[in-house]
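Below are the chains, spelled out letter by letter.
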Amino acid sequence: EQAGDDRAAETLLIRHLAGEPYNTEAVWLLALRSAAGEDWLRVEVLLDYLIELGVGNDPELLELRARAASEQGKNEDVDRIEDQLRGIRPSPFVAPVEGG
């Protein structure tokens, strides 16, 4: 029964996106569901779409996008995304204490 509920939820998200393709929250939720199902190509496509919509400066989004690339063996994409992440992550306020 859980599998049926999951499929119904995914179908609802997809229908919602068809009617509202710029709904970034719905795209994000579908990407998370796809990641939970290890559908990495779908995650890649959805997150690239979000990046095109202008929300590509979100560290959580980029971390998931890097994982999708890694899971597909796309190491150049992983390197490029990790470079982007370094550019947007805040630097630590206090440096870690060595040995403690």
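Because the structure is predicted, anything quoted here is derived from the model rather than measured.

Conventions and cut-offs
- Residues numbered from 1 in each chain as written.
- Predicted model: local features only at pLDDT ≥ 70, side-chain atom pairs only at ≥ 80, totals over all residues.
- Heavy atoms only, no water.
- Helix = DSSP H or I, 4+ residues; strand = E, 2+ residues; numbered from the N terminus.
- Contact = heavy atoms within 4.5 Å.
- Axes fitted to C-alpha atoms, helices over the stretch in contact; angles between N-to-C directions.
- Parallel < 35°, antiparallel > 145°, perpendicular 65-115°, else oblique.
- Left-handed = near helix turned anticlockwise from the far one by under 90°.
- Nonpolar A, V, L, I, M, F, W, Y, C, P; charged D, E, K, R; others polar.

**Student:** Help me out: how do you make sense of the environment of Leu62 in this one?
**Tutor:** Summarising the element assignment, Leu62 is placed in helix α4 (residues 59–71). With residues near it in sequence (within four places) discarded, Leu62 still touches Ile51, Gly56, Ile81, Gln84, Leu85 and Ile88.

**Student:** Looking at this structure, I do not really get the packing of α4 against helix α5 (residues 75–88). What am I missing?
**Tutor:** In helix packing, the relevant descriptors are the interaxial angle and the interaxial distance, both defined with respect to the helix axes. Interaxial distance between α4 and α5 falls to 9 Å at its minimum, and their mutual angle equals 165°. Taken together, α4 and α5 sit at an angle that is classed as roughly antiparallel. Regarding α4 and α5, the two cross each other, and that crossing is left-handed. On the side of α4, the interface is formed by Pro59, Leu62, Glu63, Arg65, Ala66, Ala69 and Ser70, while α5 contributes Asp77, Val78, Arg80, Ile81, Gln84, Leu85 and Ile88.

**Student:** Can you help me understand the packing of helix α2 (residues 24–36) against α4 in this one?
**Tutor:** The geometry of α2 relative to α4 is characterised by a closest axis approach of 12 Å and an angle of 35° between their N-to-C directions. The handedness of the crossing between α2 and α4 is left-handed. For the pair α2 and α4, contact is made by Trp28, Ala31, Leu32 and Ala35 and by Glu60, Leu61 and Leu64, respectively. Along the lines of polarity and charge, the residues of the contact of α2 with α4 split into 6 nonpolar, no polar and 1 charged.

Any functional reading would require information beyond the geometric quantities listed.
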